[in-house]
Each structure stands twice: as structure tokens, then as C-alpha cells.
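Fold and contact review
So the chains spell out like this:
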Amino acid sequence: MPVKTHIEDGVGIIVFSNPPLNPISASAGIPQAIEAALRTFDADPAIKAIVLAAEGRMFSAGADIAEFDKDPEAIAGPARRLDDVLDGLKKPVVSAIQGGALGGGLELALATDYRIATADAKVGLPEVTLGLIPGAGGTQRLPCLTGAAQAVQLITTGKVISAAEAHRIGLLDALAGDDVRAEAVAFARTVASDGRRRSRDQEISTEGGPEAIAEARGKAPRGAPGDAVRGALDAIEAVIVQGFDGGLKAEYGIFDRLLISEPARGLRHAFLAERAVARVPGLDPALKVDPVRAVAIIGSGTMGTGIALAVAQAGLPVTVIDANAAALERSRSSVESTISRAVERGRMSEAAGQAQRAFIGFSLDMEAVRGADFVIEAVFEDISVKQQVFEALDRLADAGAVIASNTSTLDVDRIAAFTNRPQSVVGTHFFSPANIMRLLEVVQGAKTASSTLARAMTFAKQIRKVGVVSGVCDGFIGNRMFEEYLRQAYFLLEEGALPQQVDAAMEAWGMAMGPLRTMDLAGQDIGWSIRKRRAVEQPDRPYSCIPDLICEMGRYGQKTGAGYYLYTRGGKPEVDPAIDALVIEESRRLGITRRPISDEEIVERCVYALVNEGARILEDRIAARPLDIDTVWVCGYGFPRFRGGPMFYADRVGLPHVLSRIEDFAGAYQGWAWTPADLLRRAAEAGTGFAALNGDVA
Ligand code: NAD
């Protein structure tokens, strides 16, 4: 039964339940059942007021996002009808909110006369983060309660606020102790004789409203990704100008249009994919593993230090071990300055800073790994150094401890073979800066035990990372694809583009940073050493010499003040005519007549290179599903979230089109790099799309 009712001393109580997060889901019959219960109570002369409450740890997390690909009427229709029913009642309704009310859950509460919530509750309308606006009256009722300025702020940022803040701005009428339902019943009794106080009847305060609207319009992203923010502003303006009924009609229209827009589809996919990566195919969901209790990290360099901060931020004790005293000292002062900066800037309280410091210990002695149940190696990227460290860990680490390597390019199976317990070895490939980047590739070796893999995924969650399982290959999922993306960026330079054009085209398309700027940030020297290795390993796959020429000039990127760009003024890239000349000279040396290259070609070549290699990664079973690849790119490489990820994007463009463009490129400059992946060809010909390989995303 999705809804239960009972009566307490003249108050009709409706309790709905759709565990675990109580989405107001039409397919589960929630709005329909609430509607029926409301009508019954409203018609019962013995009842003076009604309380609307929910089971479980939160009132409602909103609508069920997995249902959003259905037609708008099926999604929003029942919730909207429920609001109409609420508006038409004779008796006042009080919402009793425990834990939180988000999105459609908050909209339901806004359509009742009063709202009372537990002090720990969080409320918000985060629809814009999914490329949408509230579509069941939220953009209309919130301004009625809080005034236009606050509503603009909340709806256009999607920010979730505390109950205390919500009470202060008039969204909530009262704060409750633990038993919110009992307090709501008492509250309902006191307001029963006042009659109704519908949100829609409250006069909207417009103080500061026009300024807030103008500011939010200015901040909205340009083009399609800003449509949701602009739509929200239009809906809020509509209620102010046209009144409630006209405004509501406008809101419904905007929501229905956005629901099927490309950015909303992409954002929805990214959201659902990020949830789905935690359900690892082949890993028994019933397999229970202990959470990690104590961590040791070997290597206190860039990565070891960043990982230690991430672990301590999550409230886990961590010991950082290094063989070099000076390196350990640098790590200690880097930890200290990161924490004190965060405290100074108000991003962390003094007490939280102290707690974090207390979680991190330093040692020069490998014996300090004892007592850790999760050990992460982050020493130099050199197989003989890894061998030495893994042999020592095999002797010293506790029985049952997971031993993880942060290697970015070495073979995890080879590393595991340095121990007598390869079943306990796994890769944990963090991204720099490790305390900030959300992605963690969890690399499953040939002998990695299920329990080890499950533990590593649990650890990812504990330290608030998005763990994605990858098989063993050079570069894993992300960097293996990045190499093909970069290859095209470089070939585009040889053929006629300049670095600033390639970067601008990719950034205009939505990448957080263009490929060449990314290399300047990461440090050109890393790629240089990989290319030197590749030149020996893969002589049949030539790469452009342009990045090598730039490295030979000592220009490693931001850290040397120059790379593809100059960084003389505080990290802002400036175009350097010397690099333009170098690029043009390289084309001449190669005998290439430079040609104008369109931004469209830049985007197609860089993105389809990702898609083609992504398909190969699926073929090779390095990634289990296209959605794993999408999550790696959205969470780790600044791929535009509103495009869902490279594989999702390819489906939206249409695989036959992608394949035909790849075939065009195969007939042109350096065409060898464009052999279409079999899987791509098959999926294009079958008309299935990559999505068919995702299984149940929801
Ligand atoms: P780094 O050079 O900054 O630090 C390595 C540290 O390991 C040094 O402090 C060194 O003293 C210590 N060390 C070396 N041998 C040791 C030993 N035998 N015992 C104990 N300590 C030892 O390197 P980094 O950039 O932090 O990279 C570490 C690992 O992480 C590498 O495998 C690298 O490929 C990988 N990685 C790096 C990045 C990145 O962006 N830097 C990203 C992902 C993965």
C-alpha cells in the first residue's frame, strides 16, 4: 500500500511510502493514492485538518528520474493534478517533513498550506542541475512564500538549504524536534479553525526581484546548457506579471519543452550512469565487505599527498610513508598549507581542520603499514621501484589488507605478481589533484578477488569518489581514450589549425578545457616520456612531433611558465606567436599545404576519436558498459556533463553518422588512425546504439 491513513482527534493523517527515498512516482501510484486520501478526508465532516507525512528517512527526494524519458504528461500529469486537488480542498493541509524534501517532493509540500520540518532536514529545487525547472508549480509557489529574489536564487542554482535557512526565508512555517509527525498534528489542530492558507494566494514580494533576475540571466551559461536557468527565470517572471494561473501554464510549457531537450537528456544520463557504475557487472550485489578503517600510502609525492588529504577529509586515519625524508617533509608542509588555506578561506571550520590534521600521520619506516587494511602505493612510475615496494608490502602488510597501486601506465597484473597474494592487489588510479578530482578508476587485475574489488569500490565511496571499474590495459579507460583524442588535436595542428583554435572549438562545444591547455596544465613532460616509449613500442602508429618540439624548448606547460601558451600573468594562457610559427614550420617540414579547418571538424575528429577508442575498450572488455566510459569522461576529464559522455553523445548523434564520418577521416590525412572499431560498425548497422549495452541504467 503506497499510502496509509488514520485519524487522530479530528486530524486526518496521510502517510505515503515509496522506499527508500519516497519519489512521487506516478508508476508507483503515489500521487493518485494521496489524491484519493485527500478527497476522502476533505469530505469527512469529522475531520478539521489534514497532515501529509512520509515513511522513512526523508519526506521525498522528488520525482523518479529514471521515468523521465517517458512523455511529459505521464511524468508530471499526476503530480500536477494532485496540486489542483490540494488547491481545491476546503481544509488546511500541513506537510510533516523529516530528513528532506527535494524537487518534486518539495513541490508537493509547497502545494500544502503549511510546512513543518525536522531541524536536520534539507530542502531545495535542484531541477536545473538536470537541465529542467520544477514542473509541478515549484517556480510559482516558492516566490509566493519567499519573495521573488530568494526564489530566483534557489531555483536557478538548484542549491539545497538547511531547514533553519528555509525557515528564515519563509519556506517553512516551523521547525520540529524528532517527532515531526506528532508536532505536525498538534500544529494542524491549532490552524484548523483558521481555514486554508494556500501558497498561491500569498502576495509575492518583489523586493530585490528584478536585480536577482538580471544577475541570474547574466550568469546563465550561453546556449543550450543555459536553457534551464533562463526557463526558470521566465517562469518566475510569468507568475509576477501574469498571476498564478498564467504563470503556472507558462511553467508547465517550459518544463515540458526542457524535459525532451538534449541537455536534459545528457544530464539525466550522466546522473543515472554515475549511480550505475557502483553496481559492477559480475560482482554479486549480496557480497558484503567491511568498510576500510585505516589507510597507509607509500610515496609522499604529488599523488600520495593528495590521496592522503582525500582520505583524511572522509574521516579515515592515514599514514603516509616515504623513503626520502625531504620528500616526506614537503608532503607534511603541503598537507598543512592545504588545510590552513581551506580554513582561512572559510571552506572548512578550524575544528574540522584540526580533525583532518589529526587523521594524517607520516613515517619513514615501511613497517608503519602494519595496522592498515587498505594500502596504496604511489611511488615513482618505474617497474623496478614498484617491484621493490610490492615485495616489501607482501612481507609487511596485514593479512587480508588490500594492496593497491596508483600506477597510471604500468601493468597491474605484473605488479600483482611481485606478491604472493595477487588476489589482494588492485589498481586505484586517482586523478590529480587527488583531493579534488572525483574520479577513481578501480583497476581489476586478472587475479584480483571479488572481495578485493568490492572493497576498493567501497573505499571509493567512503572517500566520496566516483569509482569506475576498468580492466588492465595501457592507460586504462580514460588515458587510453585521451591518447587518441590528443593524437587528433596534434594532427589538426599539422594540417592547418592553431592551438588556440583547437582549444576554443572544444571549449565552445563544452569541454572544461581544450586538449592543449589540458596538456599545459598536466605538464608536457609526462606525455613526452610516454611518447618516447610509444615510438619504440608502436613504430607503425606515428604521432605528431609538435609536442616533442615544444618540450625540447623546455616548455613543459604552466609549471615552467610556458607550453603551448605563455603563462606570465597568473596562470592565464596567452597566445604565443612563436608557437604559431613552430606549428606552421612543422607543416612545411612535413610537406603539408595548410588548409582552413572548421571548428566543426575539430570537434568531430576529437570526439569521434574518443568514441571509436571507447568502442574498442568495450570490445576488449576493459569497460563493462558504455556508461562506465561516460562516467570516466564526465567525472575525470571535463567532458560536458550536459552531453552525457562520449558514448551517449555518439548515440544521440546517431552511430551511422559517426561511422560514416570516421570512414571519411580514414580516407584522409593519417587515416590509419581511423580504422572503425568492429563494435561501432556492428552497433551502427544493427541500429541498436551503445545504449543497448548498458543494461538497466536505472
Ligand atoms: P612523485 O614523484 O611526485 O612522488 C613519488 C614519491 O615516491 C616520492 O616522494 C619518492 O620519494 C617516493 N618513493 C620512491 N621510491 C620509494 C620507495 N621505494 N619507498 C618509499 N617511497 C618511495 O610521483 P607522483 O606524481 O605522485 O606519482 C606517483 C604514482 O602515481 C606514479 O605511479 C604515477 O604514475 C601515478 N600517477 C600520477 C599522476 C599525476 O598526475 N602525477 C596521476 C595518476 C597517477
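See the structure printed just above.
To keep things clear, this report deals only with the structure shown in the data block. (Residues numbered from 1 in each chain as written. Predicted model: local features only at pLDDT ≥ 70, side-chain atom pairs only at ≥ 80, totals over all residues. Heavy atoms only, no water.)

When its secondary structure is counted, the protein chain shows 28 helices and 19 strands. Considered along the principal axes of its C-alpha atoms, the protein chain spans approximately 85 × 60 × 50 Å. Per-residue burial over the protein chain gives 56% buried out of 698 residues. Expressed as a percentage of contacts within the protein chain between residues at least 6 apart in sequence, the contacts between residues at least 24 apart total 73%. Only carbon and sulfur atoms are counted for the fraction: they give 53% of the accessible area of the protein chain, which is about 28300 Å². Each charge class in the protein chain can be summarised by its mean position, and for the 75 positive and 89 negative side chains these summaries are 1 Å apart. (Helix = DSSP H or I, 4+ residues; strand = E, 2+ residues; numbered from the N terminus. Buried < 20%, exposed > 50% of the residue type's maximum accessible area, 1.4 Å probe, protein only. Contact = heavy atoms within 4.5 Å. Areas by Shrake-Rupley, 256 points an atom, 1.4 Å probe, with all protein chains shown as cover. Lys, Arg positive; Asp, Glu negative; His and termini not counted. Charge placed at Lys NZ, Arg CZ, Asp CG, Glu CD.)

This part takes up the packing of aromatic side chains. Applying the stated criterion to the full structure yields 14 aromatic pairs. Ring geometry for F16 versus F59: centroids 5.4 Å apart, planes at 80°, classification edge-to-face. One end of the pair, F16, is in strand β2 (residues 11-16); the other, F59, is in the loop between β3 (49-54) and α2 (72-88), and 43 residues separate them in sequence. We note that F16, like F59, is buried. Aromatic ring contacts, followed pair by pair, group F431, F482, Y485, W633 and Y637 into a single cluster. The ring of Y252 carries R80 above its face, with NZ or CZ at 3.8 Å from the centroid. (Phe/Tyr/Trp six-rings, centres within 6.5 Å; stacked < 30°, edge-to-face > 60°. Lys NZ or Arg CZ within 6 Å of the ring centre and 35° of its normal.)

With that settled, consider a negative patch on the surface. Together, D120, D178, D179 and E183 make up a region of like negative charge exposed at the surface. Relative to the helices and strands, D179 is located in the loop between β9 (174-176) and α7 (180-191). (Patch = residues over 30% accessible without salt bridge, like charges linked within 9 Å, V, L, I, M, F, W, Y side chains within 5 Å. Salt bridge = Lys/Arg side-chain N within 4 Å of Asp/Glu carboxyl O.)

Turning our eyes to something else, we now look at the side chain of S60. Its location among the elements puts S60 in the loop between β3 and α2. Residue S60 is classed as buried on the basis of its relative accessible area, which comes to 0%. Not counting residues within four places of it along the chain, the set of residues in contact with S60 comprises F16, L21, N22, P23, I24, G100, A101, L102 and G105.

Here we take up the pairing of strand β11 (residues 318-321). Bridge analysis of strand β10 (residues 295-298) against β11 gives four bridges, and the strand direction is parallel. Bridge pairing in β11 places A296 opposite T319. Note on the crossover from β10 through helix α12 (residues 302-313) to β11: the handedness is right-handed. Note: β11 against strand β12 (residues 360-363), four bridges, orientation parallel. Looking across to β12, one finds that V318 is bridged to I360. (Pairing = 2+ DSSP bridges. Right-handed = clockwise from strand over helix to strand, strands pointing away.)

Following P19, the chain continues into P20 via a peptide bond in cis, with omega recorded as 0°. The residue P20 is located in the loop between β2 and α1 (30-43) in this model. Residue S432 is joined to P433 through a cis peptide bond whose omega torsion reads -5°. Relative to the assigned elements, P433 resides in the loop between β15 (425-430) and β16 (439-443). Despite not being glycine, R621 shows a phi value in the positive range, around 60°. Looking at where R621 falls in the secondary structure, it is placed in the loop between α24 (599-619) and α25 (626-636). Judged by its relative accessible area of 72%, R621 is exposed. Of note in the backbone geometry, Q670 takes a positive phi value of approximately 50° without being a glycine. With respect to the helices and strands, the residue Q670 is situated in the loop between α27 (655-666) and α28 (678-686).

Before going further, it helps to examine the side chain of E107. Mapped onto the elements, E107 comes out in helix α3 (residues 104-110). Within the buried set, E107 has no salt-bridge partner at all; the shortest N-O distance to an opposite charge, 7.3 Å, is to R141. Dropping the residues within four chain positions of it, E107 is found in contact with L125, E127, P134, G135, A136, G137 and G138.

By size, the foremost hydrophobic cluster in this structure holds 70 residues, and its most contacted members are I477, M506, Y564, I602, I629, W633 and F690. At 11 residues, the largest contribution of residues to this core is made by α24. A domain-level breakdown of this core finds at least three residues from each of domain 2 (295-470) and domain 3 (478-693). Apart from the residues lying within four places of it in its own chain, the contact partners of M506 are Y485, M511, G514, P515, I602, V603, C606 and V607. One finds I24, A151, A220 and L272 within the second-largest nonpolar core, a separate group that totals 66 residues. (Core = buried A, V, L, I, M, F, W, Y, C linked by side-chain atoms within 4.5 Å. Domains from an automatic or database assignment.)

Here we take up the environment of G636. Within the secondary structure layout, G636 lies in helix α25. For G636, a relative accessible area of 9% puts it in the buried group. Put simply, G636 and S300 are 336 residues apart on the chain and 22 Å apart in space, counted from C-alpha to C-alpha. With residues near it in sequence (within four places) discarded, G636 still touches F431, M437, L439 and T631.

Turning to the sheet that holds strand β4 (residues 93-97), a few remarks are in order. Here we have six strands laid out as an open sheet, ordered β1-β2-β3-β4-β6-β9, and mixed in their pairing. The open sheet terminates on both sides in strands that have one partner only, identified here as β1 (3-8) and β9. Sheet twist, expressed as the average angle between the axes of neighbouring strands with direction ignored, equals 25°. Here β4 runs beside strand β6 (residues 114-118); their pairing, made up of four bridges, is parallel. Counterpart to V94 in the pairing with β6 is Y114. Set on the sheet, α7 makes contact with β1, β2, β3, β4, β6 and β9; between it and β4 the angle comes to about 160°. (Axes fitted to C-alpha atoms, helices over the stretch in contact; angles between N-to-C directions.)

Without other data, these values stay purely geometric and don't point to any function.
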